[in-house]
Amino acid sequence: MSGYAKPLPRITPDNQDFWEAVRRHELSLQRCAACGRFRYPPSPVCPDCLSDRFAWTPVSGRGTVTTWVVFHKPYFPSFADEIPYHVVQVELEEGPRLTANLVDVPNEKIRVGLPVEVVFDDVTPEVTLPRFRRARGEPGPGRAS
Ligand SMILES: [Zn+2]
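Cut-offs used in this document
Residues numbered from 1 in each chain as written. Predicted model: local features only at pLDDT ≥ 70, side-chain atom pairs only at ≥ 80, totals over all residues. Heavy atoms only, no water. Domains from an automatic or database assignment. Salt bridge = Lys/Arg side-chain N within 4 Å of Asp/Glu carboxyl O. Polar contact = N/O pair within 3.5 Å; in protein donor to acceptor, adjacent residues only side chain to side chain. Donors = N, O, S within 2.8 Å, 3.2 Å for Na, K, Ca; no water. Tetrahedral: all angles 85-135°; square planar, octahedral: opposite > 155°, others 65-115°. Helix = DSSP H or I, 4+ residues; strand = E, 2+ residues; numbered from the N terminus. Buried < 20%, exposed > 50% of the residue type's maximum accessible area, 1.4 Å probe, protein only. Lys, Arg positive; Asp, Glu negative; His and termini not counted. Contact = heavy atoms within 4.5 Å. Phe/Tyr/Trp six-rings, centres within 6.5 Å; stacked < 30°, edge-to-face > 60°.

Student: Which residues make up the domain arrangement of the chain, and what values go with them?
Tutor: Along its sequence, the chain is organised into domain 1 (11–59) and domain 2 (60–135). For domain 1 versus domain 2, the distance between C-alpha centres works out to 20 Å. Taken together, domain 1 and domain 2 are joined by zero salt bridges. At the boundary of domain 1 with domain 2, the tally comes to three residue pairs in polar contact (both at pLDDT 80 or more).

Student: An account of the coordination of the zinc ion is needed here, citing residue identities and associated values.
Tutor: Coordination of the zinc ion by the protein comes from Cys32 (SG), Cys35 (SG), Cys46 (SG) and Cys49 (SG), over a distance range of 2.3 to 2.4 Å. The coordination sphere of the zinc ion comprises four donor atoms, whose angles at the metal cover 100 to 119°; the geometry is tetrahedral. Read from N- to C-terminus, the donor residues coordinating the zinc ion fall into the pattern C-x2-C-x10-C-x2-C. You can see Cys32 sitting in strand E1 (residues 28–32) and its partner Cys49 sitting in the loop between strand E2 (38–39) and strand E3 (54–58), a full 17 residues away along the chain. Taking relative accessible area as the criterion, Cys49 reaches 34% and is therefore assigned partly exposed.

Student: Just give me the short version of the side chain of Arg39, but keep the residues and values in it.
Tutor: Tracing the backbone through its elements, the reader meets Arg39 in strand E2. In this structure Arg39 is buried but unpaired, with Asp48 as the nearest side chain of opposite charge at 7.7 Å. Of the polar contacts made by the side chain of Arg39, one reaches the backbone oxygen of Ser43; its length is 2.8 Å. Non-local contacts of Arg39, meaning those with residues more than four positions away in its chain, are made with Leu29, Gln30, Cys32, Pro44, Val45, Cys46, Pro47, Phe54 and Pro96.

Student: Could you give me a rundown of the packing of aromatic side chains, with the residues and numbers involved?
Tutor: In this structure the tally under the stated criterion is seven aromatic pairs. For the ring pair Phe18 and Trp19, a centre distance of 5.0 Å and an interplane angle of 90° mean the geometry is edge-to-face. Residue Phe18 shares its accessibility class with Trp19, and that shared class is buried. Relative to Phe79, the ring of Phe76 lies with its centre 5.8 Å away and its plane at 55°, an arrangement referred to as tilted. A residue is classified by how much of its surface remains accessible, and Phe76, at 42% relative accessible area, is partly exposed. By relative accessible area, Phe79 is classed as buried at 16%.

Following this line, the structure appears as structure tokens:
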């Protein structure tokens, strides 16, 4: 048993390749073999052209914050100790948007357009979660300029 008490992703036939890649510390998304678009969340057909042909394709892991929320109420008891905590949406360079957390940015420093890059958090022996940190080269919030 691990001590990780928070909700874990539900692994399905559609998304298991995504989670297996994350466990290897790789971010990989479905790329449509017909129109070339990346998509997320995983789905059997392309939402743009409806093709069912695709390949799991590594992506950069770089993106920008497009929106975020800060939770002040513990909707999950396992998050009660972290109130207030944030959830961000990151738009990857390849287009798709992921919902995640930032590991190194205080709530009050989160902003739209913040450049970030993926990091991998092995929360249990079986499950790794993708999170994001400030992209290298981005000045830190507390750093003197
Ligand atoms: Zn397509």
